[in-house]
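# Per-entry structural report
Each chain is listed here by its residues.
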Amino acid sequence: MPGLLPIVLALATPLALGALCGVVNERSGVVNIGIEGIMLLAAFFGYLAGFALHDAIGSAAALAAGVAVAVITGMLAGAVHAWLAISVRADQIIAGTMVNIAAFGITGYLNRLVISPSGRGGAGVIPPFHAPEQVASLPFVGPIASMFLDQGPIAMSVLVIVALLQFALFRTRWGLRTRAVGEHPRAADTAGIDVLRLRFLNVVAGCGLAGLAGAFLTLESTGSFQNGMTGGRGFIALAAMIFGRWTPIGAFGGALLFGAATALGVIVNVRPPLGELGDLMRSVPSFWYAALPYLATIVILAGVVGRATPPAADGIAYVKERRAPASSRP
Amino acid sequence: MKSANDAGPPRAAPVLSMRGVTKRYATGTLANEAVDFEVRAGEIHALLGENGAGKSTLMHILYGLVAPDSGEIAIDGHPVTIADPADAIARGVGMVHQHFMLVPVLTVAENVVLGRELVGPAQVLDRAEAARRVRALSERLGFALAPEVRTEQLSVGQQQRVEILKSVYRGARILVLDEPTAVLTPQETREIFTVLRRLADEGAAIVFISHKLEEVLELADRITVIRRGKVVGEREPRETTADELAELMVGREVSLRVDRGRSRPAEVRLAVRGLRVAGDRGHEAVRSVDLDVRAGEIIGIAGVAGNGQEHLVECVVGLRAAASGTIHIDGRDVTKGSIRQRRDRGLAYVPADRQRAGLVLAFSVRDNLALTTYEDAPLAHGVGRLLRDRPVIDASARRLIERFDVRTSSPSVETGTLSGGNQQKVVVAREFRADLRLLVLDQPTRGLDVGSIEFIHRQVLAQRDAGTAILLVSAELDEILQLADRVAVMYRGSIVATLAAAEASRDRVGRLMATGAAA
Amino acid sequence: MIFARRLLGAWRVGAVPALSIVLALALAAVVIVLSSAFTTSGLDVLLPVRAYSSLLAGAFASETAIANTLVAAAPLVLGGLSVALAFKAGLFNIGVAGQFLAGAFAAAVTGASLAASPAPVAVAASLAAGGLAGGAVGFIPGYLKARTGAHEVVTTIMLNNAAALLLTWAVTDLVRAPGFTFPRTGDIGNALLPVIAGRNLHLGVVVALLAVPAIAFLLDRTTIGFEIRSVGANPVAARYAGMRPVLVTALTMTLSGVLGGLAGAIQMLGVIGFYAPGITASVGFDSIAVALVGRSDPVGVIFAALLFGAFRAGAPLMQIETSVPVEVIDIIQALVILLLAADVIVRRLFRIRRARGGLGEPATVTRSWSSPEVATVAAEPR
């Protein structure tokens, strides 16, 4: 179905960026279920920056500033989670839940206070590119190429980020240390690596990616902000991460899968398939299509998680000065 | 090996000296009190003491893992501050921990270079160069280690060699080994001794932490004995005896052997036939094991850790499913029975890790004493025994605390606040119950002080004499040799021999553990 | 003497939550002041004072206001108990929202079909239907967690989203009542919960209050409660002791779901009256805050539910009178959770020692995505 593949990648983009955020966080041993909230905060503040600046500096510059603000917002929110999870050693699930509730509250509050009363719109959307006609019309290659080329810059960059992260995680010093810290922090510590610092940096950097996902939602995809607009994408991203067994490429594959599940509803509405299958597909109520990604997340989580092994120290806070091992207890 | 001692390098000034080191933990335990300790280049210095004496704490201070309250450390005569392991490594201190500090999913080479990686432009790892260096180093030390193998695939002995490699790669001149032989066979132990002697001959200072007298006498050039956080003596092997060291270590004369008495085996209580159990990674952890345990006898399972003992025990008590074969208790087939059903047949179980598996540390002593019997009358009553009878539960807890000498101010005390010995007594008090028929013990005295070990050993023998069938698994070969009436040796998932206590010499069992064959 | 010691004990347990709330209100006041700079009225330092007094007035200033607070607190008591019970078993039930919707829907449909039956029958059957529906929604993540290790946090949230969509479909296509301009269920008639005092204080408040001693009894006095607490505090030891973590996990999530469903049912039968698309369930996240502030203790849950009930009851008046958005309640809630999760802040600030034993904090919920014990459970003979 040519023309629909770009939709799949567009739907997969925030999921993929969120899943990559999860990969970077969890590979270093921090569980982050606040990705949903971090995306929402970034989506809002990125939008707010564009909204506030586009009269003064024009739409293009305002959009760029918005993306930067979104990424920084993601990193700041990530720093809060990192502080709770790593420094305070709070329960990481509860810390993430706090981030989610705070994000919902802060964005809802400011939306009602600042954006809604103004009655104005934002800075619009970042215009997408288009594949050259010669490429798009090629058999086989054409649709695939336009899947990646008929996109805005954020969606396009996902592929690059995935490749870079995959290489960095398995071929660089940073990657080796990150994996060591997520699997056996004490071993890394005794090898002279600053476990807490590396975890902190990774959580903050990873959340920058979640911030980019937020920017995509308001600045590249819809051009507007609605309360709770992330709609569970942060959690679906976690499922994509698990599905991809904590590897960047795998997580991207998972995101494409969920993107395709979401696209199904769009496809049936936009371009109903013909024949008996088409009739059948149209007879399914649209609510079921809308619920499909959520149900698919549950099914995949239940089917995959038992067989996928998370990093061994995932979710466990590291305490530097411990009482020495049990043998030296009285 | 002792001959190397005489031809050793000349006695130099100490390369490491620790002065007046004191450490009190937040819980109030005084782990080290004004400890003085020094090591010279080229010597193997044993740090001897029983579990909990403070040996590991002292070395963790040296390695920057624990911050001392006071005291000084000097290396090559210069005072140094060691704030974290990175400092220690920079000063030439290397440590082989009791629990290995290897990342299982990383390769040998990756583990060795971790923290001191060889990188090209943009921090990209130079994997070829790392492999080359690790291979060269490994050959120099006489290890046959392939750099590209994941460490989780190595045997315990090989993993220990990776740890030594790590320290040498980092340029360690002072090498600390924390209980390095605890997990090794006698043969592997001898091999590691050769390696340590070679390193010392090359000029390294070696600190060897142990609580095993024979080993220390065989290997060390000097022995420092530590008791309850204090240094109580320093000896050279030629001027001391095992008895003297034991007395220094424990503080009173100890009988090194328990009087076991005679066993009177009766009918078969536990019968295992053709048992196969799958391991976590799909391999066969237990291969066609046949085993009988009779009433009134103790069968000890000897073996190097990871040869299937754990899987056998877990399968017998019902924590793991059998791939094939049968398990009968008192003649009834329980192969597919639940843990509960087996407990109802009179089985009790002391797991290897009391804190993880034996106790709920956040619960009171009272609730832990009822953890397995909470559903039985009279602790529970009413429809379907749904209601807990709290006065009865409390009275029963007080009886057990009294009988097993658990040191606690009240049954309401949180179990996590008790000492290790008292925690284990809580488990034992609960499991050594009145209607006991079959008792499975996995590492029943691991990490305990001598007093608690003696107490538990006496209780185990009393149970045997009362007619209980006992299956004992222990990584301490001495414990098996002391308690067991028959010794079964496990090797690669099979029982390769079963010996009567009289024929089970240390050497013979050790050889079976290491090679699976008697000759 | 004994009284004084009790008081001290209560302070040890309650001090941190109480001070967290005070601190959260103070921090939210800063947010209110700062954000007022973006409004037409300009920076207003006294705005928090006016906002909080409107909030208080809306929650307590009249008999009706107090009744509103109690009515708002009732579903929070049930929701808070739901989250607290799951915490005791080491589970994090973020699915109260979905369980609430399912309970509300089932109660609405049952109520509509029994609208003409005698009131006691209609009320009892509708409440039961709500509880059962919530239990069914709770059972799914519980079973999946127990059998496959799928983390309940993700599955419950996904179920929240799916439930909202599928119930919207159900009310649109399956049970839409004729004669209305929008999709909704029929009138509930006799299934309406009777008012017991004032204009709107309905029987659901009593239902919620009765659930408190019931859950306390379950946890403290029964063998099932002992199993729940054991599995929550140390699932490995519980399994070694012969308990069945799989069963306990599934059972606890089901019971949690029943409580969440009952919350929806009393809200439906006492306040809303019919199910229509777009019914929101702020009770979901509120319940988490209630359970955390109440320290997962059934009695603590009552106090916490009253507090958040008051917030929810007073917030609309605050927004009308001072234009401070009602979402400030969510911010306060997040701040309270933040301060409780990072209780070192409050302890350092006010120099409070940690309470020993007694009513502990919820056991650590993070056991990563699949725990090794789950893998071994799957290998257990059945």
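Our subject in this report is the structure included herewith. (Residues numbered from 1 in each chain as written. Chains lettered and ligands numbered in written order. Predicted model: local features only at pLDDT ≥ 70, side-chain atom pairs only at ≥ 80, totals over all residues.)

Of the regular secondary structure elements, chain C holds 15 helices and two strands. Its C-alpha radius of gyration of 22 Å places chain C within 12% of the 21 Å reference for a compact globule of 382 residues. The principal-axis extent of the C-alpha atoms belonging to chain C is close to 70 × 60 × 45 Å. Buried positions account for 59% of the 382 residues belonging to chain C. Of the contacts made within chain C by residues no fewer than 6 positions apart, 79% connect residues no fewer than 24 positions apart. (Helix = DSSP H or I, 4+ residues; strand = E, 2+ residues; numbered from the N terminus. Rg over C-alpha atoms; globule rule 2.2 N^0.38 Å. Buried ≥ 20, exposed ≤ 12 C-beta atoms within 10 Å, placed from the backbone. Contact = placed C-beta atoms within 7 Å.)

Every contact between the two is made by 46 residues of chain C and, on the other side, 44 residues of chain A. Counting only elements with at least two residues in the side of chain C that touches chain A, the list comes to helix H5 (119–148), helix H6 (152–174), helix H11 (283–293), helix H13 (328–341) and helix H15 (372–378) of chain C. Residue contributions to the side of chain C that touches chain A peak at 13 residues, all from H6(C). The residue inventory of the side of chain C that touches chain A, partitioned by class, reads 30 nonpolar, twelve polar and four charged. (Nonpolar A, V, L, I, M, F, W, Y, C, P; charged D, E, K, R; others polar.)

Now for the pairing of strand E13 (residues 298–302) of chain B. Residues and elements named next belong to chain B. For E13, a buried count of five out of five residues is recorded, marking the element as mostly surrounded by other parts of the structure. Residues Ile298, Gly300 and Ala302 line one face of E13 and the alternating positions Ile299 and Ile301 line the opposite face, and both faces are buried. Bridge count for E13 against strand E21 (residues 486–491) is four bridges, and the pairing is parallel. Paired with Gly300 across the strands is Val487, a residue of E21. (Pairing = 2+ DSSP bridges.)

Turning to the interface of chain B and chain C, a few remarks are in order. Accessible area lost upon the coming together of the parts is a frequently used measure of interface size. Contact with chain B, which involves 28 residues of that partner, is made by 19 residues of chain C. Where the side of chain B that touches chain C is concerned, the elements lending two or more residues are helix H11 (339–344), helix H12 (354–358) and strand E18 (387–388) of chain B. Classifying every residue of the side of chain B that touches chain C gives 15 nonpolar, four polar and nine charged.

Counting buried positions along helix H8 (residues 173–183) of chain A yields nine of eleven residues, so the element is predominantly enclosed. Within H8(A) the residues assigned to the buried category are Arg173(A), Leu176(A), Arg177(A), Thr178(A), Arg179(A), Ala180(A), Val181(A), Gly182(A) and Glu183(A). Looking at the buried side of H8(A), the elements it contacts are helix H1 (5–27), helix H7 (153–171), helix H9 (185–190) and helix H10 (195–222) of chain A together with helix H4 (108–113) of chain B.

In the segment running from Ala377(B) into Pro378(B), the intervening peptide bond is cis, with an omega of 5°. Here Pro378(B) shows up in the loop between helix H13 (365–369) and strand E17 (380–381). Backbone geometry at Arg89(A) places phi at a positive 60°, although glycine is not the residue there. Within the element layout of this structure, Arg89(A) appears in the loop between helix H3 (59–87) and helix H4 (92–118). With phi around 60°, Gln123(B) is a residue other than glycine that occupies positive phi space. Residue classification places Gln123(B) among the partly exposed positions, given that 15 C-beta atoms sit within 10 Å.

Residue and element names in this part refer to chain B. Here we have six strands laid out as an open sheet, ordered E6-E7-E8-E3-E9-E10, and mixed in their pairing. Of all the strands in the sheet, the pair left with one neighbour each is strand E6 (93–96) and strand E10 (230–235). Neighbour-to-neighbour, the strand axes of this sheet turn through a mean angle of 20°, independent of strand direction. Against the sheet, helix H7 (residues 186–201) contacts strand E3 (44–48), strand E7 (174–178) and strand E8 (205–210), and its axis sits at roughly 150° relative to E8. Across the sheet, helix H9 (residues 242–250) lies against E3, strand E9 (222–227) and E10, angled at about 35° from E9, the strand it touches most. (Axes fitted to C-alpha atoms, helices over the stretch in contact; angles between N-to-C directions.)

We now examine the packing of helix H4 (residues 96–113) of chain C against H5(C). Residue and element names in this part refer to chain C. One way to put it is that H4 packs onto H5 with a least axis distance of 7 Å and a crossing angle of 145°. Pair H4 / H5 crosses with right-handed handedness. Contacts between H4 and H5 involve Gly98, Gln99, Ala102, Gly103, Ala104, Phe105, Ala106, Ala107, Thr110 and Gly111 on the former and, on the latter, Ala122, Ala125, Ser126, Leu127, Ala129, Gly130, Gly131, Leu132, Ala133, Gly134, Val137 and Gly138. Looking at the contact of H4 with H5 residue by residue, the classes come out as twelve nonpolar, ten polar and no charged. (Left-handed = near helix turned anticlockwise from the far one by under 90°.)

For the rest of this paragraph, the subject is the environment of Ser412(B). All names here are of chain B. Relative to the elements of secondary structure, Ser412 occurs in the loop between helix H14 (390–403) and helix H15 (420–431). With 13 C-beta atoms counted inside 10 Å, the residue Ser412 sits in the partly exposed group. As for Ser412 and Leu48, which are separated by 364 residues in sequence, their C-alpha atoms are 37 Å apart. Other than its neighbours up to four places away in sequence, Ser412 contacts Ser364 and Arg366.

With that settled, consider the sheet that holds strand E5 (residues 78–80) of chain B. Residue and element names in this part refer to chain B. Taken together, the four strands give an open sheet; going across it, the order is E2-E1-E4-E5, and neighbouring strands pair in antiparallel fashion. Of all the strands in the sheet, the pair left with one neighbour each is strand E2 (30–40) and E5. Along the sheet, successive strands turn relative to each other by an average axial angle of 25°, direction set aside. Pairing geometry for strand E4 (residues 70–75) and E5, over three bridges, is antiparallel.

So, on to the environment of Ala61(C). Locating Ala61(C) in the fold gives a position in the loop between helix H2 (47–60) and helix H3 (63–88). For the pair formed by Ala61(C) and Gly314(C), sequence separation is 253 residues and the distance between their alpha carbons is 9.7 Å.

Next up on the list: the nonpolar core. If you look at the biggest cluster of nonpolar residues, it comprises 323 residues, and the most contacted ones within it are Leu20(A), Ala240(A), Leu472(B), Val489(B), Val77(C), Leu269(C) and Ile337(C). Ignoring any residue separated from it by four or fewer positions in sequence, one finds Ile337(C) in contact with Ile94(A), Thr97(A), Met98(A), Ile101(A), Ala289(C) and Leu292(C). Counting 84 residues, the second largest nonpolar core, distinct from the first, contains Leu198(A), Ile73(B), Leu125(B) and Ala200(B). (Core = buried A, V, L, I, M, F, W, Y, C linked by C-beta atoms within 7 Å.)

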